[in-house]
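As a plain string of letters, each chain reads:
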Amino acid sequence: EAYAVSIGLDSEADADLLWLAREAFVAPLPPAWTEHVDVDGRVFYYNPVSQESTWSHPMDEVFMELVGIVKALRSETPAPFE
């Protein structure tokens with residue numbers, strides 16, 4: 001549930017979208033990215049090509065954007081049929 005919140009979902013209001021959180025949680029890493037654990041047991045990700053490291057899964061932003069798009073589409077009022 002905490003992960004769902006971190007990508008912009010509300011476990012009650014967005015219950016039908018929790019599958020997105022499950023997919024995001026198990027998403028494979030993009031090419032060149034590797035997963036590591038530091039001395040304190042925290043997971044981080046590293047890309048040796050760009051020499052970038054991050055605490056967040058490299059695909060998290062993609063899933064956050066997807067959640068935002070779905071929510072924006074939901075909030076639009078459908079056009080009436082003519």
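For the structure itself, consult the block above.
Worth saying up front: this structure is predicted, and the values here are computed from it rather than measured. (Residues numbered from 1 in each chain as written. Predicted model: local features only at pLDDT ≥ 70, side-chain atom pairs only at ≥ 80, totals over all residues. Heavy atoms only, no water.)

Draft legend 1. Highlighting the pairing of strand 1 (residues 34-37). As judged from the four bridges shared by strand 1 and strand 2 (residues 43-47), these two strands associate in the antiparallel manner. Of the residues in strand 2, the one forming a bridge with Val-37 is Val-43. Linking strand 1 to strand 2, which pair antiparallel, is a turn of five residues; within it Gly-41 sits at a positive phi near 85°. (Pairing = 2+ DSSP bridges. Helix = DSSP H or I, 4+ residues; strand = E, 2+ residues; numbered from the N terminus.)

Draft legend 2. Main features of the nonpolar core. Ranked by size, the top nonpolar core spans eleven residues in total: Tyr-3, Ala-4, Ile-7, Leu-9, Leu-17, Leu-20, Ala-21, Ala-24, Ala-27, Phe-63 and Val-67. Elements supplying a minimum of two residues to this core: helix 1 (2-6), helix 2 (18-25) and helix 3 (60-75). Top contributing element to this core by residue count: helix 2, with three residues. (Core = buried A, V, L, I, M, F, W, Y, C linked by side-chain atoms within 4.5 Å. Buried < 20%, exposed > 50% of the residue type's maximum accessible area, 1.4 Å probe, protein only.)

Draft legend 3. Local environment of the side chain of Asp-14. Structurally, Asp-14 is set in the loop between helix 1 and helix 2. The buried category is assigned to Asp-14, whose relative accessible area is 6%. Filtering out sequence-adjacent residues up to four positions away, Asp-14 remains in contact with Gly-8, Leu-9, Lys-71 and Arg-74. (Contact = heavy atoms within 4.5 Å.)

Draft legend 4. Inspection of unusual backbone geometry at higher detail. Even without being glycine, Ala-32 reaches a positive phi, approximately 80°. Tracing the backbone shows Ala-32 in the loop between helix 2 and strand 1. Positive phi outside glycine occurs at Gln-51, with the angle close to 55°.

Draft legend 5. Fine view of the side chain of Asp-38. With respect to the helices and strands, the residue Asp-38 is situated in the loop between strand 1 and strand 2. We classify Asp-38 as buried; its relative accessible area is 17%. The contact partners of Asp-38, leaving out residues within four places of it in the chain, are Phe-44 and Trp-55.

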